[in-house]
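Report on the structure
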Amino acid sequence: MKKFLLAVLVDNKPGVLTHVAGLISRRAFNIESISAGYTEEPSVTRINIVVSVESENELDQVVNQLGKLIDVIKIVNLSKAPSIERELVMIKVKASKETRADLVSIVDIFRAKIVDVTSENVIIELTGNQQKIDAICEVLSDYEIVEIARTGAIALSRGPIPVKKM
Amino acid sequence: MKMNGAQALLECLKNEGVELVFGYPGGVVLKLYDEIYKMKFPNILTGHEQGAVHAADGYARATGKVGVVIATSGPGAANLITGIATANMDSVPLVCITGQVASPAIGKDSFQEVDVCGITAPITKHNYLVKNVEELPRVVKEAFFIARTGRPAPVCIDIAANVFNSEIDFEYPEKINLRGYTGENPCDEKAVDEVVAAIEKADFPLIFVGGGVIISETSNIVREILNRLQCPCTSTLMGLGSIEADREGYLGFAGMHGSYGANMAIQNCDLLICIGMRFSDRVTGKVAEFAPNAKIVHFEIDPAEINKNVQVDIKVLGDLKNSLPLLRDKLNAAETDFAKKFNSWLNYSIEIGNKHLFGYKTEGDEIKPGALISKISDICDENTIVVTDVGQHQMWTAQFFNVKGPRQFLTSGGLGTMGFGLPAAMGAKLACPDKNVVLITGDGSIMMNIQELATLADNNIDIKIVIVHNFILGMVGQWQRLFYNHHYSASELNLKRDFIKISEAMGLRGYRLTKAAELETELPEILFSKGAAVIDVYVPQEENVLPMVPGGKRLDQMVLS
Ligand SMILES: Cc1ncc(C[n+]2csc(CCOP(=O)(O)OP(=O)(O)O)c2C)c(N)n1
Ligand SMILES: [Mg+2]
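Being a predicted model, the structure only gives us computed values, none of them experimental.

**Here's the deal with the overall build of chain B**
Looking only at helices and strands, one finds 23 helices and 20 strands in chain B. Per-residue burial for chain B yields a buried fraction of 55% across its 561 residues. Counting only contacts in chain B whose residues sit at least 6 apart along the sequence, the fraction spanning at least 24 positions is 77%.

Okay, structure coming up:
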C-alpha cells in the first residue's frame, strides 16, 4: 500500500462533502484521512485527502472518479510534486508527579508543546509529518494516553505556483 | 416577469424543451401540481413513482432527450431510487424533481422527510437541494446541462416546499457557469493515429461496440468504419442496434449469454477495438483472461472507465462524436486494402460463429421462447422499438430479435431491474407515438410494475405486451438447475394468476397463446391490432438460455447445450 496526498479544490456549496464522501464509500476507496477548510477564495473549499492504494492504476481511479464530481474544480497529487506536508495532533496523557518530568523531556525531544496542564493530565500538541506524529504517539503509549485528536494531513506545494494554477 | 416558484419551475422546463413529465402528486408538491393544472402542462400520472421514473427513462432511451419525473417528498422520492439507479447504470439522462419538506422543517424528521441528496449521491451524476427560489432557474439550467452532456446520467433536484410558493422575478439564465464541468470532451488526435497504425499492423481485428455508440448517435460512423475495414464486429447488450443485425461479419452480441462466434472472436483476435463500452463483468467473463491475444483499444468519454476493469493498450478519450469521424477519415485516407487484408479472418470468424448459432429445438406444439421471439422479430418492421424486462426472456430477445438500428432495443443492462419493462415501454411510446412498441416481459417481471397497465388504458397508450410465461422466475430457475441441484427455492410461479383477467380488469385486451401454430394464426393479427394488448404466451418451464459463460469462466469456456 502506498499513500498519496491529494489536494482537491471544490465549490464551497452545501452537499459537496456528501458527494465526496458518497463517492469514496461507493467506490470502496481506502482513505487514511480527510480534512476540509476554507481557502483564500471564499467560494472554494480545499479538501485534503490521503488515499492508500495498491497501484498507480488504483490511484488513477481515485483521481478520475473524484474528477467526475461536478463540484470538484481541481485535483492535484501533492505527493508527486515538491510539497510540504503537515498534520496536527493533540494528545491528552495522564500525568502524575512521577511521570511529568519524563513527559516534558519527550515533548522537548519532539519539539512538541504542552498546551494544557491539570493535576491529572497534560495536553500535548505537535505539528509535523505523519511519521513524526506516529512516533510521538508510539513513545507516549508507554504512559496512559487518555485521548488523541488528529487533523489528518494537509499540504502545500513549494514554490510560487498554487494548486489551482497547476 | 414576477411569478411563484412553481410557475418558475414549469417555465424552466419549457425553456428546456420538455414536452411531457411523468409524475405523482403529494403534500409538498401540491402547489406545483396546481400550476401544472392551470398551465395544462402535460403530466402522465403513473400508478407508482417507480413507474414514473422508468417511464421517463424509456422516454429518454428512445429519443436521447432528457426524461423528467416529479415525485413528492419522503415515500414519493424514495420510490424513485430503483429507477434512478437503473438509469445511472446505463447512462440515461434524467432530471428527477422531488419535493422536500419546507426549509425550516428540514432535518427535524418532519412528516414525509427523507434525505434525497444523501440517498441519491451515489446514483446520480449530481444533485441539488433548493431552499431559495432565486437559485431555482440556475439549478434547473445546470441540471439539464449536466444530465445531457458528457456521459449522460440522472440529476436530482430536491426542492423545499416553500420554494414553490415564493415569488421570483423570473428570468431563465443564458449561460452556465460551472467551474468543475465543461461538458466538452475533445479527442486526442494522436491517439487516433496510434489506432490507425495498430489497425494497419493487425491481422485479426475485431470491432466491439457498446451503449456509448447509441448515446453519442455515432452508429452511422461505426458502420462507415466497418464498411471500410470489412472486419468482424460484435456488440455488448447495451450496444445492440448500433450495428445492424444482418450485416455480414456481425457476430451477434458478446458476453455471458452472447453468441459463440462473438465470444470466440474476442478470445482469438489480435486487436480489439472497443468503442463506448465499459467492460462489465457480464461481458468479459474471467477478466484476467479476456481477449488474451489482443492489443486493446478503448474509445471512451469517461476517463474513469479507462483501465477500470480491463487494462487497455491505447486509450482514445473524448466524445465518440469527435473521435470516430477522425478515425473514419484517417482510415479512408490510408492506402491499405483492408477488405482484402482482413477477408480470410472475416470468413473464419463467420464460419466459427456458424458452428453454434443461437437456436432452439421444436418439440410438439409447444411454443419455444426462441421461436416466439424470432416470430416477433420477423413480424416487426424497422419502425419498432422492442423493450424487455429482466430474465431469460431478456436474453432470448437479445439473441433472437434482429435489432436493426439504434434506440430500437431498450433494456436495463447494468442494473438488471425487473419491473423496468412496462413503464419504460410506455415512456418510449409516448416519446415516439409513430413507432410500434413491443414489450417482451416475463411472468415474474410484469408483476413488479403491473399497476402501469391501468396507466396504458387511462392514457390510450398503444403498446403490445408479450409475456413469456414460463411459470417460473426463469433465470433464477436456470441457475438453480445448473448450480443448485435443481432446488427451485422461491422461484416457481405456478400460481393461479390470470393475466387475461388482470388485463381486462385494468382496461386492456388480453390474449393467450399456448400452441406453436398460434404464432402464425393469432400473433400477427394481435400485434397489428390497434390499442394496447397483453399477449400471455405459455412456454415450457425448463428451457435454458444458451450458450452461457458460467461465472468465473473464460469467454471461450461456454456451456453450449
Ligand atoms: C428487482 C429485481 N429483483 C430480483 C432480480 C433477480 N432476478 C433476475 S432474473 C429473475 C427472474 C425473472 O423472472 P421472469 O420475469 O419470469 O423472467 P424469466 O427469467 O422467467 O424469463 C430474477 C428474480 C432482479 N433482476 N430484479
Ligand atoms: Mg418467467
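**Re the overall build of chain A**
Along chain A, the regular secondary structure elements total 4 helices and 9 strands. Ordered by position from N to C terminus, the α and β elements of chain A give β-α-β-β-α-β-β-α-β-β-α-β-β. For chain A, the spread of C-alpha atoms along the principal axes amounts to about 55 × 35 × 30 Å. Within chain A, the proportion of its 166 residues that are buried is 28%. Partitioning the intrachain contacts of chain A with sequence separation of at least 6 by distance along the chain shows that 73% fall at a separation of at least 24.

**Section: the pairing of strand β5 (residues 94-100) of chain B**
All names here are of chain B. Counting buried positions along β5 gives 7 out of 7 residues, so the element sits mostly inside the fold. Judged from the 5 bridges that link them, strand β4 (residues 67-71) and β5 form a sheet pairing that is parallel. If you follow A71 over to β5, its bridge partner there is T98. Across 7 bridges, β5 lies against strand β7 (residues 154-160) in parallel orientation. Residue pairing for β7: T98 is matched across the bridge by D158.

**Section: the packing of helix α9 (residues 189-201) of chain B against helix α14 (residues 320-333) of chain B**
Residues and elements named next belong to chain B. Relative orientation of the contacting elements α9 and α14 amounts to 45°, with a least axis distance of 10 Å. As far as their axial angle goes, α14 and α9 are oblique. The way α9 lies across α14 gives a crossing that is right-handed. Contacts between α9 and α14 involve E189, V192, D193, V195 and V196 from the first element and S323, L326, L327, K330 and L331 from the second. The residue inventory of the contact of α9 with α14, partitioned by class, reads 6 nonpolar, 1 polar and 3 charged.

**What to know about helix α16 (residues 369-379) of chain B**
What α16 of chain B keeps buried is the set P369, L372, I373, S374 and I376 of chain B. For α16 of chain B, the secondary structure elements touched by its buried residues are α17 (392-400), β17 (436-442), β18 (464-469), α22 (518-521) and β20 (533-538) of chain B.

**Describing the site of ligand 1**
Residue and element names in this part refer to chain B. Near ligand 1 lie 20 residues; those nearest to it are G391, G442, G444, S445 and G474. Among the elements of the structure, α17 and α20 (474-483) are those that each provide at least two residues to the shell around ligand 1. Broken down by element, the residue count for the shell around ligand 1 peaks at 3 residues, all from α20.

**As for the sheet that holds strand β4 (residues 72-77) of chain A**
Each strand in a sheet pairs with its neighbour through backbone hydrogen bonds, running either in the same direction (parallel) or in the opposite one (antiparallel). All names here are of chain A. The strand order across the open sheet built from 4 strands is β2-β3-β1-β4, with neighbouring strands paired in antiparallel fashion. Looking along the sheet, the strands with just one partner apiece sit at the ends: β2 (31-38) and β4. Across this sheet, the average inter-strand angle for adjacent strands is 20°, counted without regard to direction. As judged from the 7 bridges shared by β2 and strand β3 (residues 44-53), these two strands associate in the antiparallel manner. Bridged to S35 within β3 is N48. Sheet contacts for helix α2 (residues 56-68): β1 (2-11), β3 and β4; angle to β4, the most-contacted strand, approximately 160°.

**Here's the deal with α9 of chain B**
Residues and elements named next belong to chain B. In this model, α9 (13 residues) spans 19 Å end to end at C-alpha, consistent with the 18 Å of a helix rising 1.5 Å per residue. Those residues of α9 that fall on the buried side of the exposure criterion are V192, V195 and I199. All buried residues of α9 lie within an arc of 55° about the axis, which places them on one face of the element. In α9, the exposed positions angled more than 90 degrees off the buried face are occupied by K190 and K201. Contacts made by the buried residues of α9 are with β9 (205-209), β12 (271-275), β13 (295-300), β14 (314-317) and α14.

**Some words on the nonpolar core**
Among the nonpolar cores identified, the biggest contains 204 residues, and V69, V95, I157, L272 and I275 of chain B are the most heavily contacted of them. In terms of nonpolar packing, the next biggest core, distinct from the first, is built from 12 residues, V89, A95, V122 and L140 of chain A among them.

**Quick look at the packing of helix α1 (residues 5-15) of chain B against helix α7 (residues 136-148) of chain B**
Residue and element names in this part refer to chain B. With their axes 10 Å apart at the nearest point, α1 and α7 run at an angle of 30° to one another. The angle between α1 and α7 falls in the class roughly parallel. Judged by the twist between their axes, the crossing of α1 over α7 is right-handed. Contacts from G5, A8, L9 and C12 in α1 reach L136, P137 and V140 in α7. Across the contact of α1 with α7, the residue classes tally to 6 nonpolar, 1 polar and no charged.

**Observations concerning the confidence of the model for chain B**
With 100% of its residues at a pLDDT of 70 or more, chain B shows a mean pLDDT of 97. For this predicted complex, the interface confidence reaches an ipTM of 0.92, while the overall pTM sits at 0.97.

**Regarding the sheet that holds β17 of chain B**
Residues and elements named next belong to chain B. Reading across from one edge, β16-β15-β17-β18-β20-β19 is the order of the 6 strands in this open sheet, with parallel pairing throughout. Where the open sheet ends on each side, the last strands, each with one partner, are β16 (409-410) and β19 (509-513). Bridging between β19 and β20 involves 5 bridges; their strand directions are parallel. Opposite R512, over in β20, you have D536 as the bridge partner. In the packing of α16 onto the sheet, contacts are made with β17, β18 and β20, and the angle to β18 comes to roughly 165°. Sheet strands in contact with helix α21 (residues 499-506) are β18, β19 and β20, and its direction is about 170° off that of β19.

**Brief notes about the interface of chain B and chain A**
Contacts between chain B and chain A engage 16 residues on the former and 18 residues on the latter. Taken together, the residues of the side of chain B that touches chain A break down into 9 nonpolar, 4 polar and 3 charged.

**Re the environment of G67 of chain A**
Positionally, G67 of chain A belongs in helix α2. On a C-alpha basis, the gap between G67 of chain A and V8 of chain A in space is 9.1 Å, while along the polypeptide they are 59 residues apart. Apart from the residues within four sequence positions on either side, G67 of chain A is in contact with V72 and I75 of chain A together with P303 of chain B.

What counts and how
Residues numbered from 1 in each chain as written. Chains lettered and ligands numbered in written order. Predicted model: local features only at pLDDT ≥ 70, side-chain atom pairs only at ≥ 80, totals over all residues. Helix = DSSP H or I, 4+ residues; strand = E, 2+ residues; numbered from the N terminus. Buried ≥ 20, exposed ≤ 12 C-beta atoms within 10 Å, placed from the backbone. Contact = placed C-beta atoms within 7 Å. Pairing = 2+ DSSP bridges. Axes fitted to C-alpha atoms, helices over the stretch in contact; angles between N-to-C directions. Parallel < 35°, antiparallel > 145°, perpendicular 65-115°, else oblique. Left-handed = near helix turned anticlockwise from the far one by under 90°. Nonpolar A, V, L, I, M, F, W, Y, C, P; charged D, E, K, R; others polar. Near = placed C-beta within 6 Å. Expected span 1.5 Å × (residues − 1). Arc of directions from axis to C-beta. Core = buried A, V, L, I, M, F, W, Y, C linked by C-beta atoms within 7 Å. pLDDT = per-residue confidence, 0-100.

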